[in-house]
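# Survey of secondary and tertiary structure
In case you want the letters, here they are:
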Amino acid sequence: MTEDRFERELELLGVSLSENQKIQFETYYKLLVEWNKKMNLTGITDKEQVYLKHFYDSATLVKVIDLREEKTLCDIGTGAGFPGLVLKILFPELEVTLVDALNKRILFLEHVIEVLKLKNIKTIHERAEEYAKEHREEFDVVTSRAVAALPMLLEYSVPLVKIGKYFIPMKADIAQEIKASERSIKIMSVKLKCQETFSLPIENSTRTILKFQKEKSSHVKYPRKFSEIKRNPL
Ligand code: SAM
């Protein structure tokens, strides 16, 4: 996706890019490629592919929520900043928290944040299940792209969500996972409000964004570790 096409596709999503935001994306791309030479941040480095599969794909979260109406967003397993850092560039007013278990990715994110002069954004080097223990019900929106299977994601992301607010995982193909998540959805007290399935422009691969609304506090005291959830699903 060329930068021009990126701009046009964002317009279709209802988001206009300022000159400063265009420069921020260009700089983010350059830093991603430069740092990727010394650490593994992404398998995608071709400019048009990064604009399509990382920048545009991250922005599609706005298909299910108007982020101008929300104050705080937490991105679990953000990696090189997808979708959290992209959303921060697009919505500078949003207070964004980027969580990742791998410190080298956090160092990259901190560098990008400094170079782009972004404010009200912080990085957390911690496992999501640990972070969630101390930050229950703090966020309007919790999102996560390409991190874990849905039952696990629900269990360690939903505790972070304020009651009445949203957990929005971004997935490739989801049908099987929703079926496998029925029990977790019930126990975590969330309701699937909407499911948006679409094709990425140009390459037409399938994407699904789920929007869960948290109805009440879950009786699960704290999110369990991945390994424990796998051995003993709820
Ligand atoms: N969300 C990014 C994206 O879509 O490009 C990164 C996806 S990458 C496949 C998964 C990321 O999740 C990695 O950066 C990994 O360090 C992080 N991760 C995996 N398990 C995690 C956990 N329990 N807590 C926090 N981060 C985790």
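Quick caveat: nothing in here was measured; it's all calculated off a predicted structure.

### Considering the overall build of the chain
- Helix and strand counts for the chain stand at 10 helices and seven strands.
- Computed over C-alpha atoms, the radius of gyration of the chain comes to 17 Å, within 12% of the 17 Å expected from 2.2 N^0.38 for 234 residues, which places it in the range of a compact globule.
- When each of the 234 residues of the chain is scored for burial, the buried share is 54%.
- In the chain, once contacts between residues fewer than 6 apart in sequence are set aside, the share between residues at least 24 apart is 71%.
- Summing over all exposed atoms, the chain offers an accessible surface of approximately 10900 Å²; the carbon and sulfur share of this is 48%.
- Of note, the chain has its 38 positive side-chain charges centred 5 Å away from the centre of its 35 negative side-chain charges.

### So, the pairing of strand β2 (residues 95-100)
- Counting buried residues in β2 gives five out of six residues, a clear majority hidden from the surface.
- Where strand β1 (residues 72-76) and β2 come together, five bridges link them in parallel fashion. Paired with Asp75 across the bridge in β2 is Leu98.
- By the bridge criterion, five bridges tie β2 to strand β3 (residues 121-125) in an arrangement that is parallel. By the bridge assignment, Val99 is partnered in β3 with Ile124.

### Considerations on the packing of aromatic side chains
- In the structure shown here, the tally under the stated rule is 11 aromatic pairs.
- Residues Tyr51 and Phe55 carry aromatic rings whose centres are separated by 4.9 Å and whose planes lie at 70° to one another, so their mutual orientation is edge-to-face. Here Phe55 and Tyr51 lie together in helix α3 (residues 47-59), a separation of four residues that amounts to about one turn.
- Classification of Phe55 by relative accessible area gives buried; the value is 0%.
- Lying over the aromatic face of Trp35, Lys38 brings its terminal NZ or CZ to 4.3 Å of the ring centre.
- Just above the ring of Tyr166 sits the side chain of Lys211; from NZ or CZ to the centre is 4.4 Å.

### Focus on the site of the ligand
- Of all residues adjacent to the ligand, which total 16 residues, the nearest are Phe82, Asp100, Arg105, Ala128 and Arg145.
- One of the backbone nitrogen or oxygen atoms of Gly77 is found 2.8 Å away from a nitrogen atom of the ligand.
- Taking Arg145, its side chain carries an N or O atom lying 2.6 Å from an oxygen atom of the ligand.
- Notes on the ligand: free accessible area 590 Å², of which the protein chains cover 79%.
- Looking at the shell around the ligand, its residues break down into seven nonpolar, three polar and six charged.

### Some details on unusual backbone geometry
- Cis geometry is found at the peptide bond from Phe82 to Pro83, where omega equals 5°.
- Among the structural elements, Pro83 can be located in the loop between β1 and α4 (84-90).
- Non-glycine residue Lys117 carries a positive phi angle of around 55°.
- Topologically, Lys117 is positioned in the loop between α5 (103-115) and β3.
- Although it is not a glycine, Ser189 sits at a positive phi angle of roughly 55°.
- Relative to the helices and strands, Ser189 resides in the loop between α9 (182-187) and β6 (190-199).
- On the basis of relative accessibility, which here comes to 10%, the residue Ser189 falls in the buried class.

### So, the sheet that holds strand β7 (residues 206-214)
- Pairing is mixed across the open sheet formed by seven strands, whose spatial order is β3-β2-β1-β4-β5-β7-β6. The open sheet terminates on both sides in strands that have one partner only, identified here as β3 and β6. Direction aside, neighbouring strands of the sheet carry axes that sit 15° apart on average.
- Bridge analysis of β1 against strand β4 (residues 139-145) gives three bridges, and the strand direction is parallel. Opposite Cys74, over in β4, you have Val142 as the bridge partner.
- Taken strand by strand, α5 contacts β2 and β3, and its axis lies near 165° from that of β3.
- Lying on the sheet, helix α7 (residues 150-157) is in contact with β1, β4, β5 (161-171), β6 and β7; it crosses β5 at an angle near 150°.

Reading the values: the criteria
- Within each chain, residue numbers correspond to sequence positions counted from 1 in written order.
- In keeping with the model being predicted, local features are shown solely for residues with a pLDDT of at least 70 and side-chain atom pairs are shown and tallied solely at 80 or more, while totals for entire chains, interfaces and linings include all residues.
- Side-chain measures here rest on the full set of heavy atoms in the structure, leaving out hydrogens and waters.
- We count a stretch as a helix when DSSP gives it H or I for four or more residues in a row; a strand needs E for two or more, and each element gets its number in order from the N terminus.
- The quantity called the radius of gyration is restricted to C-alpha atoms. Its globule counterpart is 2.2 Å times the number of residues to the power 0.38.
- The cut-offs for exposure are 20% and 50% of the maximum accessible area for each residue type, with area from a 1.4 Å probe on protein chains only; residues under the lower value are buried, those over the upper are exposed, and the others partly exposed.
- Note on contacts: a residue pair is in contact if any heavy atoms of the two residues lie within 4.5 Å.
- Per-residue accessibility takes into account occlusion by the displayed protein chains alone, with areas from the Shrake-Rupley method and a 1.4 Å probe.
- All tallies of charge rest on Lys and Arg as positive and Asp and Glu as negative; His and the ends of each chain are not included.
- Taken as the charge location is NZ of Lys, CZ of Arg, CG of Asp or CD of Glu.
- Paired strands, in this sense, are two strands between which DSSP finds at least two bridges.
- Note on ring pairs: Phe, Tyr and Trp rings are taken, using the six-membered ring of Trp, and paired if centres are within 6.5 Å. Classes follow the plane angle, with under 30 degrees stacked, over 60 edge-to-face and the rest tilted.
- Both a distance and an angle decide whether a charge sits over a ring: NZ of Lys or CZ of Arg must be within 6 Å of the ring centre and within 35 degrees of the ring normal.
- When we say a residue is near a molecule or strand, we mean one of its heavy atoms is within 4 Å of it.
- Polar contacts here mean pairs of N or O atoms no more than 3.5 Å apart (in protein, one a potential hydrogen donor and the other a potential acceptor; neighbouring residues in sequence count only if both atoms are side-chain atoms).
- Just so you know the grouping, Ala, Val, Leu, Ile, Met, Phe, Trp, Tyr, Cys and Pro go in nonpolar, Asp, Glu, Lys and Arg go in charged, and all remaining residues, Gly too, go in polar.
- Each axis is a line fitted through C-alpha atoms, and for a helix only the stretch in contact is used; angles between axes span 0 to 180 degrees, taken between their N-to-C directions.

Read these as geometric descriptors, not functional statements.
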